[in-house]
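Architecture and fold: a report
The lines below spell out each chain.
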Amino acid sequence: MIIPFQNLICPLDAAPLRRDGPAWRCPAGHGFDIAREGYVNLLPVQQKRSRDPGDSKEMVAARRRFLNAGHYQPIADEVSRKVLAGLPPQGQASCLDAGCGEGYYLRRLGVAAAARELAPVGVDISKWAVQAAAKQQREATWLVGSNARLPLADATLDCVLCMFGFPVYAEFARVLKPGGLLLQVDAGPDHLRELREIIYPALKPERKGEPSVPAGFDLGTCDGLRFALELEGAEAIADLLLMTPHLFRATAEGRARAAALAALSLTVDARVSALVRDGRPAVSGPAG
(Lines give C-alpha, C1' and ligand atoms only; values in the text may rest on other atoms or scores of the structure.)
Protein backbone atom coordinates (compact mmCIF):
# COMPACT_ATOMS: atom_id res chain seq x y z
CA MET A 1 0.00 0.00 0.00
CA ILE A 2 1.34 3.44 -0.92
CA ILE A 3 1.41 6.03 1.86
CA PRO A 4 2.47 9.72 1.79
CA PHE A 5 6.06 10.75 2.41
CA GLN A 6 5.97 13.53 5.02
CA ASN A 7 9.62 14.42 5.73
CA LEU A 8 10.02 17.36 3.36
CA ILE A 9 12.17 20.41 4.05
CA CYS A 10 12.02 23.96 2.77
CA PRO A 11 14.38 24.50 -0.18
CA LEU A 12 15.08 28.04 1.05
CA ASP A 13 16.03 27.49 4.70
CA ALA A 14 15.98 23.66 5.17
CA ALA A 15 13.34 23.93 7.91
CA PRO A 16 10.67 21.21 8.11
CA LEU A 17 7.67 21.64 5.83
CA ARG A 18 4.16 20.89 7.05
CA ARG A 19 1.05 20.32 4.97
CA ASP A 20 -1.32 23.29 5.25
CA GLY A 21 -4.37 22.65 3.10
CA PRO A 22 -3.40 23.17 -0.57
CA ALA A 23 0.24 24.01 0.23
CA TRP A 24 3.33 23.05 2.22
CA ARG A 25 4.77 25.69 4.59
CA CYS A 26 7.80 26.09 6.84
CA PRO A 27 7.87 27.96 10.18
CA ALA A 28 9.32 31.05 8.45
CA GLY A 29 6.24 31.25 6.25
CA HIS A 30 7.70 30.07 2.95
CA GLY A 31 4.84 28.38 1.08
CA PHE A 32 4.75 25.94 -1.84
CA ASP A 33 1.44 25.24 -3.52
CA ILE A 34 0.32 21.76 -4.48
CA ALA A 35 -0.32 21.68 -8.23
CA ARG A 36 -3.58 20.46 -9.70
CA GLU A 37 -1.91 17.17 -10.65
CA GLY A 38 -0.75 16.66 -7.05
CA TYR A 39 2.97 17.44 -7.23
CA VAL A 40 4.88 20.21 -5.43
CA ASN A 41 7.52 22.47 -6.97
CA LEU A 42 10.40 22.76 -4.47
CA LEU A 43 12.93 24.17 -6.95
CA PRO A 44 13.32 27.90 -6.25
CA VAL A 45 14.19 30.10 -9.18
CA GLN A 46 17.60 30.89 -7.67
CA GLN A 47 18.50 27.18 -7.85
CA LYS A 48 17.66 26.91 -11.57
CA ARG A 49 20.38 27.09 -14.18
CA SER A 50 17.89 27.77 -16.96
CA ARG A 51 14.30 28.88 -17.28
CA ASP A 52 13.02 25.36 -17.98
CA PRO A 53 15.65 22.88 -16.73
CA GLY A 54 15.70 19.14 -17.33
CA ASP A 55 13.90 17.06 -19.92
CA SER A 56 11.53 18.81 -22.30
CA LYS A 57 7.87 17.98 -22.68
CA GLU A 58 8.67 16.04 -25.87
CA MET A 59 11.43 14.00 -24.21
CA VAL A 60 9.14 13.13 -21.31
CA ALA A 61 6.38 12.00 -23.68
CA ALA A 62 8.83 9.82 -25.61
CA ARG A 63 10.11 8.19 -22.40
CA ARG A 64 6.57 7.58 -21.19
CA ARG A 65 5.60 5.81 -24.43
CA PHE A 66 8.78 3.76 -24.53
CA LEU A 67 8.77 2.64 -20.90
CA ASN A 68 5.03 2.01 -20.71
CA ALA A 69 5.44 -0.31 -23.70
CA GLY A 70 7.47 -2.55 -21.37
CA HIS A 71 10.80 -2.37 -23.20
CA TYR A 72 12.77 -1.91 -19.96
CA GLN A 73 10.55 -4.02 -17.71
CA PRO A 74 13.37 -6.51 -16.95
CA ILE A 75 15.32 -3.60 -15.43
CA ALA A 76 12.30 -2.46 -13.40
CA ASP A 77 11.68 -6.02 -12.18
CA GLU A 78 15.30 -6.49 -11.08
CA VAL A 79 15.34 -3.12 -9.33
CA SER A 80 12.11 -3.90 -7.49
CA ARG A 81 13.44 -7.28 -6.43
CA LYS A 82 16.66 -5.81 -5.04
CA VAL A 83 14.86 -2.94 -3.30
CA LEU A 84 12.36 -5.22 -1.58
CA ALA A 85 15.17 -7.56 -0.50
CA GLY A 86 17.07 -4.60 0.97
CA LEU A 87 14.22 -2.89 2.83
CA PRO A 88 13.55 -3.46 6.53
CA PRO A 89 11.47 -6.66 6.82
CA GLN A 90 8.64 -5.01 8.78
CA GLY A 91 6.98 -1.64 9.18
CA GLN A 92 6.78 1.30 6.85
CA ALA A 93 9.55 1.95 4.35
CA SER A 94 10.43 4.96 2.23
CA CYS A 95 12.13 5.08 -1.16
CA LEU A 96 13.34 8.01 -3.26
CA ASP A 97 13.81 7.90 -7.02
CA ALA A 98 16.40 10.66 -7.53
CA GLY A 99 15.85 11.85 -11.08
CA CYS A 100 12.54 10.01 -11.37
CA GLY A 101 11.58 11.14 -14.87
CA GLU A 102 7.96 10.28 -15.55
CA GLY A 103 7.89 7.85 -12.63
CA TYR A 104 8.03 4.45 -14.34
CA TYR A 105 10.40 2.73 -11.92
CA LEU A 106 8.61 3.98 -8.81
CA ARG A 107 5.27 2.84 -10.24
CA ARG A 108 6.65 -0.64 -10.88
CA LEU A 109 8.11 -0.71 -7.36
CA GLY A 110 4.71 0.28 -5.95
CA VAL A 111 3.11 -2.68 -7.72
CA ALA A 112 5.79 -5.08 -6.46
CA ALA A 113 5.49 -3.74 -2.89
CA ALA A 114 1.69 -3.87 -2.74
CA ALA A 115 1.75 -6.13 0.32
CA ARG A 116 3.52 -3.60 2.56
CA GLU A 117 3.39 0.10 3.42
CA LEU A 118 5.71 2.03 1.13
CA ALA A 119 6.22 5.80 0.98
CA PRO A 120 7.64 6.47 -2.51
CA VAL A 121 8.94 9.93 -3.38
CA GLY A 122 10.15 11.02 -6.80
CA VAL A 123 12.32 14.08 -7.44
CA ASP A 124 13.20 15.48 -10.85
CA ILE A 125 14.43 18.85 -12.04
CA SER A 126 12.04 18.73 -15.02
CA LYS A 127 8.59 20.11 -14.25
CA TRP A 128 7.22 18.22 -17.26
CA ALA A 129 8.56 14.90 -15.98
CA VAL A 130 7.13 15.36 -12.48
CA GLN A 131 3.80 16.51 -13.91
CA ALA A 132 3.61 13.36 -16.05
CA ALA A 133 4.54 11.18 -13.07
CA ALA A 134 1.86 12.72 -10.86
CA LYS A 135 -0.79 12.25 -13.55
CA GLN A 136 -0.02 8.53 -13.73
CA GLN A 137 0.17 7.84 -9.98
CA ARG A 138 -1.33 10.36 -7.58
CA GLU A 139 -0.66 8.31 -4.43
CA ALA A 140 3.12 8.79 -4.45
CA THR A 141 4.88 12.04 -3.49
CA TRP A 142 6.24 13.88 -6.54
CA LEU A 143 8.54 16.89 -6.25
CA VAL A 144 10.22 19.24 -8.68
CA GLY A 145 13.69 19.56 -7.19
CA SER A 146 17.39 18.96 -7.65
CA ASN A 147 19.58 16.02 -6.62
CA ALA A 148 22.16 18.64 -5.63
CA ARG A 149 19.83 20.00 -2.92
CA LEU A 150 17.24 17.36 -2.12
CA PRO A 151 14.24 18.87 -0.27
CA LEU A 152 14.15 15.90 2.13
CA ALA A 153 15.06 15.68 5.80
CA ASP A 154 18.23 13.98 7.04
CA ALA A 155 18.24 10.19 7.56
CA THR A 156 14.60 9.63 6.61
CA LEU A 157 14.91 7.20 3.67
CA ASP A 158 15.36 3.46 3.57
CA CYS A 159 16.30 3.42 -0.11
CA VAL A 160 17.44 5.73 -2.91
CA LEU A 161 17.23 4.81 -6.59
CA CYS A 162 19.44 6.47 -9.18
CA MET A 163 18.38 5.16 -12.59
CA PHE A 164 20.80 6.06 -15.40
CA GLY A 165 21.12 9.43 -13.66
CA PHE A 166 23.57 11.80 -12.06
CA PRO A 167 24.36 10.66 -8.50
CA VAL A 168 25.13 13.20 -5.80
CA TYR A 169 26.54 10.87 -3.19
CA ALA A 170 26.85 13.42 -0.38
CA GLU A 171 23.14 14.20 -0.64
CA PHE A 172 22.18 10.55 -0.94
CA ALA A 173 24.23 9.80 2.18
CA ARG A 174 22.54 12.67 4.02
CA VAL A 175 18.95 11.57 3.36
CA LEU A 176 19.50 7.82 3.84
CA LYS A 177 19.21 6.15 7.20
CA PRO A 178 22.29 4.25 8.43
CA GLY A 179 22.15 0.87 6.69
CA GLY A 180 19.93 2.30 3.96
CA LEU A 181 20.27 1.13 0.36
CA LEU A 182 21.46 3.12 -2.64
CA LEU A 183 20.62 1.23 -5.81
CA GLN A 184 22.36 2.72 -8.81
CA VAL A 185 21.73 1.60 -12.40
CA ASP A 186 24.22 2.69 -15.06
CA ALA A 187 24.79 1.83 -18.69
CA GLY A 188 27.20 -1.03 -19.32
CA PRO A 189 29.76 -1.00 -22.14
CA ASP A 190 27.41 -2.63 -24.66
CA HIS A 191 24.27 -0.70 -23.76
CA LEU A 192 22.42 0.22 -26.97
CA ARG A 193 25.63 -0.45 -28.91
CA GLU A 194 23.75 -1.17 -32.14
CA LEU A 195 22.05 2.23 -32.04
CA ARG A 196 25.30 4.00 -31.19
CA GLU A 197 27.06 2.32 -34.11
CA ILE A 198 24.40 3.76 -36.42
CA ILE A 199 24.39 7.35 -35.18
CA TYR A 200 28.09 7.91 -34.44
CA PRO A 201 31.02 7.81 -36.89
CA ALA A 202 33.01 5.83 -34.30
CA LEU A 203 32.47 4.67 -30.72
CA LYS A 204 34.68 5.96 -27.93
CA PRO A 205 36.80 3.31 -26.21
CA GLU A 206 35.29 2.11 -22.97
CA ARG A 207 36.84 3.22 -19.70
CA LYS A 208 38.47 0.42 -17.75
CA GLY A 209 38.76 -0.11 -14.03
CA GLU A 210 36.47 -0.79 -11.11
CA PRO A 211 34.25 2.06 -9.91
CA SER A 212 35.31 3.52 -6.56
CA VAL A 213 33.04 3.34 -3.52
CA PRO A 214 31.87 6.86 -2.60
CA ALA A 215 32.32 8.34 0.86
CA GLY A 216 29.53 7.42 3.24
CA PHE A 217 28.84 4.04 1.65
CA ASP A 218 29.99 0.44 1.66
CA LEU A 219 29.75 -1.69 -1.49
CA GLY A 220 27.12 -4.41 -1.33
CA THR A 221 26.87 -6.02 -4.75
CA CYS A 222 27.52 -5.06 -8.37
CA ASP A 223 25.71 -7.17 -10.96
CA GLY A 224 25.23 -7.02 -14.69
CA LEU A 225 21.84 -7.18 -16.37
CA ARG A 226 21.79 -7.93 -20.07
CA PHE A 227 19.00 -8.78 -22.51
CA ALA A 228 18.03 -8.42 -26.17
CA LEU A 229 15.46 -5.88 -27.25
CA GLU A 230 13.61 -5.87 -30.57
CA LEU A 231 12.05 -2.56 -31.59
CA GLU A 232 9.47 -2.55 -34.36
CA GLY A 233 8.42 0.66 -36.06
CA ALA A 234 10.02 4.04 -36.59
CA GLU A 235 8.14 5.62 -33.66
CA ALA A 236 9.61 3.28 -31.04
CA ILE A 237 13.12 3.87 -32.39
CA ALA A 238 12.54 7.64 -32.45
CA ASP A 239 11.24 7.55 -28.86
CA LEU A 240 14.33 5.67 -27.68
CA LEU A 241 16.64 8.16 -29.35
CA LEU A 242 14.72 11.14 -28.00
CA MET A 243 14.79 9.88 -24.41
CA THR A 244 18.59 9.40 -24.38
CA PRO A 245 21.44 11.94 -24.53
CA HIS A 246 22.46 10.38 -27.85
CA LEU A 247 20.00 12.51 -29.83
CA PHE A 248 21.95 15.68 -29.04
CA ARG A 249 25.38 14.10 -29.43
CA ALA A 250 24.73 12.43 -32.78
CA THR A 251 25.58 14.02 -36.10
CA ALA A 252 22.81 15.07 -38.48
CA GLU A 253 23.79 12.16 -40.74
CA GLY A 254 23.57 9.74 -37.82
CA ARG A 255 20.12 10.99 -36.84
CA ALA A 256 18.98 10.62 -40.44
CA ARG A 257 20.21 7.01 -40.55
CA ALA A 258 18.28 6.22 -37.36
CA ALA A 259 15.14 7.91 -38.68
CA ALA A 260 15.21 5.69 -41.76
CA LEU A 261 15.02 2.47 -39.71
CA ALA A 262 11.81 0.44 -39.52
CA ALA A 263 13.16 -2.10 -37.00
CA LEU A 264 16.18 -2.40 -34.74
CA SER A 265 17.71 -5.23 -32.70
CA LEU A 266 19.41 -3.91 -29.58
CA THR A 267 21.47 -5.04 -26.61
CA VAL A 268 20.44 -3.69 -23.23
CA ASP A 269 23.45 -3.80 -20.92
CA ALA A 270 23.08 -2.34 -17.44
CA ARG A 271 25.20 -2.36 -14.29
CA VAL A 272 23.21 -2.60 -11.05
CA SER A 273 25.22 -1.50 -8.01
CA ALA A 274 23.93 -1.82 -4.46
CA LEU A 275 25.64 0.50 -1.95
CA VAL A 276 24.87 0.49 1.77
CA ARG A 277 24.88 3.69 3.84
CA ASP A 278 27.45 3.29 6.55
CA GLY A 279 26.93 4.32 10.15
CA ARG A 280 29.02 7.49 10.07
CA PRO A 281 27.06 10.74 10.40
CA ALA A 282 26.49 12.71 7.22
CA VAL A 283 26.89 16.46 6.86
CA SER A 284 23.54 17.92 7.93
CA GLY A 285 21.52 20.08 5.55
CA PRO A 286 21.34 20.04 1.77
CA ALA A 287 24.56 20.27 -0.15
CA GLY A 288 25.52 23.72 -1.39
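Two elements in contact, helix α1 (residues 57–68) and helix α7 (residues 234–242), have axes separated by 8 Å at closest approach and are oriented at 125 degrees. Taken together, α1 and α7 sit at an angle that is classed as oblique. Crossing geometry of α1 relative to α7 is assigned as left-handed. Of α7, the residues touching α1 (which contributes Glu-58, Met-59, Ala-62, Arg-65 and Phe-66) are Glu-235, Ala-236, Asp-239, Leu-240 and Leu-242. Here the residues of the contact of α1 with α7 sort into six nonpolar, no polar and four charged.

What follows concerns unusual backbone geometry. Positive phi outside glycine occurs at Ala-14, with the angle close to 65 degrees. Tracing the backbone through its elements, the reader meets Ala-14 in the segment before β1 (18–20). Given the relative accessible area of 31%, Ala-14 is considered partly exposed. One non-glycine residue, Ala-155, lies in the positive phi region at around 50 degrees.

Our next topic: the packing of aromatic side chains. Going through the model one piece at a time under the given rule, you end up with four aromatic pairs. Summarising the aromatic geometry, the rings of Tyr-72 and Phe-164 are spaced 6.4 Å apart at their centres and angled 35 degrees between planes, so their arrangement reads as tilted. Taken as a pair, Tyr-72 in the loop between α1 and α2 (73–86) and Phe-164 in the loop between β8 (157–163) and α5 (169–175) lie far apart in primary sequence, 92 residues in all. Its relative accessible area of 4% is what places Tyr-72 among the buried residues. With 5.1 Å between their ring centres and 75 degrees between their planes, Tyr-104 and Tyr-105 make a pair best called edge-to-face. Ring pairing ties together the aromatic residues Phe-66, Tyr-72 and Phe-164, which thus form one cluster. The ring of Trp-128 has Lys-127 sitting right over it, with the charged end atom 4.3 Å from the ring centre.

Considering soluble globular proteins, one finds that nonpolar side chains tend to be buried as a cluster. Formed by 53 residues in total, the largest nonpolar core has its most connected members in Tyr-72, Ile-75, Trp-142 and Leu-240. Of all the elements, strand β11 (residues 263–277) adds the most residues to this core, at six residues. For Leu-240, the contacting residues outside a window of four places in its chain are Phe-66, Tyr-72, Leu-192, Leu-195, Leu-231 and Leu-266. Membership of the second largest hydrophobic core comes to 29 residues, among which are Ile-3, Leu-17, Val-40 and Leu-143.

If you walk through the whole model with that rule in mind, you get 18 salt bridges. Among the salt bridges present, the one from Asp-55 reaches Arg-63, with a minimum N-O distance of 2.6 Å. Each member of the pair, Asp-55 as well as Arg-63, is classed as buried. We note a salt bridge from Arg-271 to Asp-186, for which the minimum N-O separation is 3.6 Å. With Arg-271 in strand β11 and Asp-186 in strand β9 (residues 176–187), the pair connects residues that are 85 residues apart, well separated along the chain. For Asp-186, a relative accessible area of 14% translates into the label buried. Within this structure, Asp-190, Arg-193, Glu-197, Arg-226 and Asp-269 form a network of salt bridges that share partners.

Let's shift gears to the pairing of β9. Here β8 pairs with β9 via six bridges, running parallel. If you follow Leu-157 over to β9, its bridge partner there is Leu-176. Each parallel crossover has a hand, and the one from β8 via α5 to β9 is right-handed. For β9 and β11, the ladder comprises seven bridges, and the chain directions are antiparallel. Within β11, the residue paired with Leu-181 across the bridge is Val-276.

Counting all residues, the mean pLDDT for the chain is 92, and 93% of those residues have values of 70 or more. Ranking the elements of the chain by mean pLDDT puts helix α8 (residues 246–249) last, at 82, and strand β7 (residues 141–144) first, at 98.

Here the focus is the sheet that holds β1. Spatially, β1-β2-β3 is the arrangement adopted by the three strands of the open sheet, whose pairing is antiparallel. The sheet is open, and its two borders are formed by β1 and β3 (31–33), each paired with just one other strand. Averaged over all pairs of adjacent strands, the angle between strand axes in this sheet comes to 30 degrees, irrespective of strand direction. In the sheet, strand β2 (residues 23–25) pairs with β3 via three bridges, with the strands oriented antiparallel.

Scoring rules and cut-offs
- Residues numbered from 1 in each chain as written.
- Predicted model: local features only at pLDDT ≥ 70, side-chain atom pairs only at ≥ 80, totals over all residues.
- Heavy atoms only, no water.
- Axes fitted to C-alpha atoms, helices over the stretch in contact; angles between N-to-C directions.
- Helix = DSSP H or I, 4+ residues; strand = E, 2+ residues; numbered from the N terminus.
- Parallel < 35°, antiparallel > 145°, perpendicular 65-115°, else oblique.
- Left-handed = near helix turned anticlockwise from the far one by under 90°.
- Contact = heavy atoms within 4.5 Å.
- Nonpolar A, V, L, I, M, F, W, Y, C, P; charged D, E, K, R; others polar.
- Buried < 20%, exposed > 50% of the residue type's maximum accessible area, 1.4 Å probe, protein only.
- Phe/Tyr/Trp six-rings, centres within 6.5 Å; stacked < 30°, edge-to-face > 60°.
- Lys NZ or Arg CZ within 6 Å of the ring centre and 35° of its normal.
- Core = buried A, V, L, I, M, F, W, Y, C linked by side-chain atoms within 4.5 Å.
- Salt bridge = Lys/Arg side-chain N within 4 Å of Asp/Glu carboxyl O.
- Pairing = 2+ DSSP bridges.
- Right-handed = clockwise from strand over helix to strand, strands pointing away.
- pLDDT = per-residue confidence, 0-100.

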